[in-house]
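# Structure at a glance
What follows is the residue order along each chain.
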Amino acid sequence: MKQLRILVFSAGFGNGHFRAAEAVIEGIRIKEPYAEINHLDFGDFLSKRLNAMAKRLYMEMIKHTPRLWGKFYYKTAKLQPKSIMQRFLNQLGRSDFLNYIKGFEPDLIVCTFPTISSMLAQLRLERILLVPVITVITDYAVHSLWVHPGVDRYMVACEEVKESLVSWGIEAQSVRVTGIPVSPKFERVKDRGHILLKLGLSPDLPTFLVMGGVYEGEIVKRICKRLADSKVPIQSLIVCGKNEKLYHSLEDLSAQTPNLIVRFGYVDNVEELMEVSNLIITKAGGLTVTEALTKHLPLCIFKPIPGQEVENALFVQRKGAGLFAGTEEELEQLLDRLLSYPEDIERMQEKATFALPGRSAERTVDELLQLVSHLRMKQKTG
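Presented here is an overview of the structure given in this document. (Residues numbered from 1 in each chain as written. Predicted model: local features only at pLDDT ≥ 70, side-chain atom pairs only at ≥ 80, totals over all residues. Heavy atoms only, no water.)

## Some thoughts on the sheet that holds strand E11 (residues 299-302)
- In space, the six strands of this open sheet follow the order E9-E8-E7-E10-E11-E12, with parallel pairing throughout. Every interior strand has two partners, whereas the edge strands, strand E9 (261-264) and strand E12 (322-325), have only one. Within the sheet, the average angular offset between the axes of one strand and its neighbour, ignoring direction, is 15°. (Pairing = 2+ DSSP bridges. Helix = DSSP H or I, 4+ residues; strand = E, 2+ residues; numbered from the N terminus. Axes fitted to C-alpha atoms, helices over the stretch in contact; angles between N-to-C directions.)

Next up, the structure:
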């Protein structure tokens, strides 16, 4: 049988698109260990200046003017595939993409970023590109930039996203509810007692996990101070990411408080930290939400970015698997309530257990491989 060849496109606008792509690749490696897979960044096919400018503009808006980003998100949420903006985006790097694809000769292309998905889908409609395009939507709501009739298969988070795509005119049989793909390591059962022992945690205390690297340092310190001063005994895990200044600034607090605080820099074992936690305080990126719900971990979503993160937070809230706060005052009220009434966390945990279909990467890969098998069968009989 011919060796499977797959192209995967993501983009460096935030980390979620990349993580979803890597999860798909990890899942393919499990099922097809000899497959040849190339994972490429959409931005690598643009001019360095344009790519750097676009990423800088996006990150600046997200960090300093999130409301402006939210206005842009909702203003463009109903654009049609033939809109001027979409036609412009569909031309970005078009010839370079085609040349690369022709040279690699993939069996299929997987996209986790809307711009490249739409551009390749348009080439499919024009019958210039003969390779099927699979789009993985990495949020719990559909923005217009994801929508294009030339996409062969959509892999989506939930039934609501499928219904939204169908309302846009996408055929229902082209949409599969697989869940947003996350690394299979989030599905594996962990030895909770061993992890607690390794981290120096008590098995008898509630544990709150704070993803502090996504917030400003002063905000994180105030959240940590609130948890450290809690009259209800609690232990906290604080992930600072690559923010070394934040990590060092928490040293005195973690050494002096009655409630244990364990701080981390950048980690590659988030699934272990989630395994031993009762609640996660975080933003609402599609991958983070999916990873937490896959671990059946309730979410306290703080300051979601207007646009896709607010939509993700609303999904979590509708499922009863978490709550969200837009301000520090609202967060403090939520934490007071959850510390005083731990049964609320238990109820959210139960809801989180049934929020997603599970085995998201495996489901996604199964759909991809079935499509390849179907196409190869048609080629033999055609």
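Now, onward.
## Looking at the side chain of Thr364
- Tracing the backbone shows Thr364 in helix H17 (residues 360-381).
- At a separation of 2.8 Å, a polar atom in the side chain of Thr364 contacts the main-chain carbonyl oxygen of Ser360.
- If we skip the residues at most four places from it in the chain, Thr364 touches Val24, Met155, Thr178, Gly179 and Pro181. (Polar contact = N/O pair within 3.5 Å; in protein donor to acceptor, adjacent residues only side chain to side chain. Contact = heavy atoms within 4.5 Å.)

## Regarding the pairing of strand E1 (residues 5-10)
- The buried count for E1 comes to six of six residues, which makes it a mostly enclosed element.
- Residues Arg5, Leu7 and Phe9 point to one face of E1 and Ile6, Val8 and Ser10 to the other, with burial holding for every one of them.
- In this structure, E1 lies alongside strand E2 (residues 36-41), joined through six bridges in parallel fashion. Looking across to E2, one finds that Leu7 is bridged to Asn38.
- Taken together, E1, helix H1 (residues 16-31) and E2 form a β-α-β motif whose crossover is right-handed.
- Pairing of E1 with strand E3 (residues 108-111) involves four bridges; the strand directions are parallel. (Buried < 20%, exposed > 50% of the residue type's maximum accessible area, 1.4 Å probe, protein only. Right-handed = clockwise from strand over helix to strand, strands pointing away.)

## Some details on the packing of H1 against helix H13 (residues 286-294)
- Contact geometry of H1 with H13 gives a least axis separation of 8 Å together with a crossing angle of 50°. The angle between the axes of H1 and H13 places the two elements in the oblique class. Residues Gly16, Arg19 and Ala20 of H1 touch H13, and the partners they reach there are Leu287, Thr288 and Glu291.
- Its residues placed into classes, the contact of H1 with H13 shows two nonpolar, two polar and two charged. (Parallel < 35°, antiparallel > 145°, perpendicular 65-115°, else oblique. Nonpolar A, V, L, I, M, F, W, Y, C, P; charged D, E, K, R; others polar.)

## Side note on unusual backbone geometry
- Even without being glycine, Arg127 reaches a positive phi, approximately 60°.
- Counting through the fold element by element, Arg127 comes out in the loop between helix H6 (114-125) and strand E4 (133-136).
- Taking the relative accessible area as the measure of exposure, Arg127 reaches 71% and is therefore exposed.
- Even without glycine at this site, His296 takes up a positive phi of about 60°.
- You can see His296 is positioned in the loop between H13 and E11.
- By relative accessible area, His296 is classed as partly exposed at 32%.

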